[in-house]
Amino acid sequence: MDAALGHNPSYVWWSWLAAREIIMEGACWKVGHGRNIEVSTHKWLSHKPVFLGEARPKMLNNTARDSLIWKENGSNKFTVKSAYQVALQIKDQAQSEHSRARMDRPIWKKIWKLNVPPKVLMFLWRACSNILSTRGNLHRRKVQVEPTCGLCCQCTETVEHVLWECLLARNVWALSSGKIQKCPNEAPEFYSLFRLLFDKLTPQELEQWATVSWAIWNARNKFCFEKTQRHPEQILREATGFLVEYQRLNAAQE
Ligand SMILES: [Zn+2]
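Computed from a predicted model, the values in this text were never measured in an experiment.

Caption draft 1: Spotlight on the overall build of the protein. Secondary structure assignment for the protein yields eleven helices and two strands. In sequence order, the protein lays out its α and β elements as α-β-β-α-α-α-α-α-α-α-α-α-α. Looking at the protein as a whole, 22% of its 254 residues qualify as buried. A separation threshold of at least 6 residues defines the contact pool for the protein, and within that pool the share at least 24 residues apart is 61%.

Right, here's the structure in full:
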């Protein structure tokens, strides 16, 4: 159940991994001896586990094996019909995540006209649609990763956390313009933060904000994958330099 896609997956393997998302959404673990269950990442309760320091939870049963049961119908037996219902739920959830961004079409028309590199625009769209590969999003998609932020180790790594609330982001934004510093340090979700800033900032300030957010994401990736840390001043300076250079070349071509 925990296998990864690999570099050259076959059609059958692709299909199995697609079905796995449905199975993992509709199934949960029935606890036996507990040896096959990852306490913090597998679904074995109807709610998130709360740990009270018990050395050995009372629900363990050494004489029974852990088993995966289907929870989408009364008989706890897998049926194609109930799996289809789960697939529809997953599709609805994905569509509602994208619909928030689609709702504001007039705003997006203005966004696509921002004078920033296309990769920054694509990044902004991905962040607003909540499809950046943060640990929190991967975990939600049933990928076996710890959802906790690798930079501060304190919160779930959501898009709004890594780009706005986490210590690295806060240190970068502390060096930015006064308008940004007057915004609340916490954001309910990245898209609401984006809407707030869209109303507050001039197009030029929004261009700078989007490019710096993109640079924070790159710094996060460098930390996660290369174990190198960028200084907040360096992140801000390089993002500003990158934007100024892009706009200069853009102006020269017109
Ligand atoms: Zn963090």
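Caption draft 2: Spotlight on the environment of Val116. Note that Val116 resides in the loop between α3 (105-111) and α4 (118-128). You can call Val116 buried: it has 22 C-beta atoms within 10 Å. C-alpha of Val116 to C-alpha of Val244: the two residues are 128 residues apart in sequence and 9.2 Å apart in space.

Caption draft 3: Local environment of the environment of Leu201. Mapped onto the secondary structure, Leu201 falls in the loop between α9 (190-200) and α10 (203-226). Leu201 sits in the partly exposed class, given 18 other C-beta atoms within 10 Å. Setting aside residues up to four positions removed in sequence, Leu201 forms contacts with Lys179, Leu206 and Trp209.

Caption draft 4: Highlighting the packing of α10 against helix α11 (residues 232-253). The N-to-C vectors of α10 and α11 enclose an angle of 125 degrees; their axes lie 9 Å apart at closest approach. Looking at the two axes, α10 sits oblique to α11. Along this stretch, α10 crosses α11, giving a crossing that reads as right-handed. Along the contact surface, α10 presents Glu207, Gln208, Thr211, Val212, Ala215, Ile216 and Ala219, while α11 presents Ile235, Leu236, Glu238, Ala239, Thr240, Phe242 and Leu243. Of the residues in the contact of α10 with α11, the class split is nine nonpolar, three polar and two charged.

Caption draft 5: Broad picture of α11. In this model, α11 (22 residues) spans 32 Å end to end at C-alpha, consistent with the 32 Å of a helix rising 1.5 Å per residue. Along α11, the positions that sit buried rather than exposed are Ile235, Leu236, Ala239 and Leu243. Viewed along the axis of α11, the buried residues span an arc of 95 degrees, placing them on a single side of the element. Residues of α11 that are exposed and point over 90 degrees away from its buried face: Glu233, Gly241, Val244, Glu245, Arg248, Leu249 and Ala252.

Caption draft 6: Representation of the nonpolar core within the structure. Core analysis: the largest hydrophobic core is formed by 35 residues, its most contacted members being Ala127, Leu163, Ala169, Val172, Phe190 and Ile216. For this core, the secondary structure elements donating two or more residues are α4, α6 (159-165), α7 (167-173), α9, α10 and α11. Of all the elements, α10 adds the most residues to this core, at eight residues. Beyond its immediate chain neighbours, meaning those up to four positions away, Val172 contacts Val212, Ile216, Pro232, Ile235 and Leu236.

Caption draft 7: The arrangement of unusual backbone geometry in detail. Phi is positive for Asn130, close to 55 degrees, though the residue is something other than glycine. Structurally, Asn130 can be placed in the loop between α4 and α5 (135-140).

Caption draft 8: Here's a closer look at the packing of α4 against α10. Two numbers describe how α4 lies on α10: the axes approach to 9 Å, and their chain directions differ by 75 degrees. As summarised for this structure, α4 and α10 are arranged roughly perpendicular, according to the angle between their axes. Across the interface between the two elements, Val120, Phe123, Leu124 and Ala127 of α4 pack against Ala210, Thr211, Ser213, Trp214 and Trp217 of α10.

Analysis parameters
Residues numbered from 1 in each chain as written. Predicted model: local features only at pLDDT ≥ 70, side-chain atom pairs only at ≥ 80, totals over all residues. Helix = DSSP H or I, 4+ residues; strand = E, 2+ residues; numbered from the N terminus. Buried ≥ 20, exposed ≤ 12 C-beta atoms within 10 Å, placed from the backbone. Contact = placed C-beta atoms within 7 Å. Axes fitted to C-alpha atoms, helices over the stretch in contact; angles between N-to-C directions. Parallel < 35°, antiparallel > 145°, perpendicular 65-115°, else oblique. Left-handed = near helix turned anticlockwise from the far one by under 90°. Nonpolar A, V, L, I, M, F, W, Y, C, P; charged D, E, K, R; others polar. Expected span 1.5 Å × (residues − 1). Arc of directions from axis to C-beta. Core = buried A, V, L, I, M, F, W, Y, C linked by C-beta atoms within 7 Å.

That's the geometry; what it means functionally is another story.
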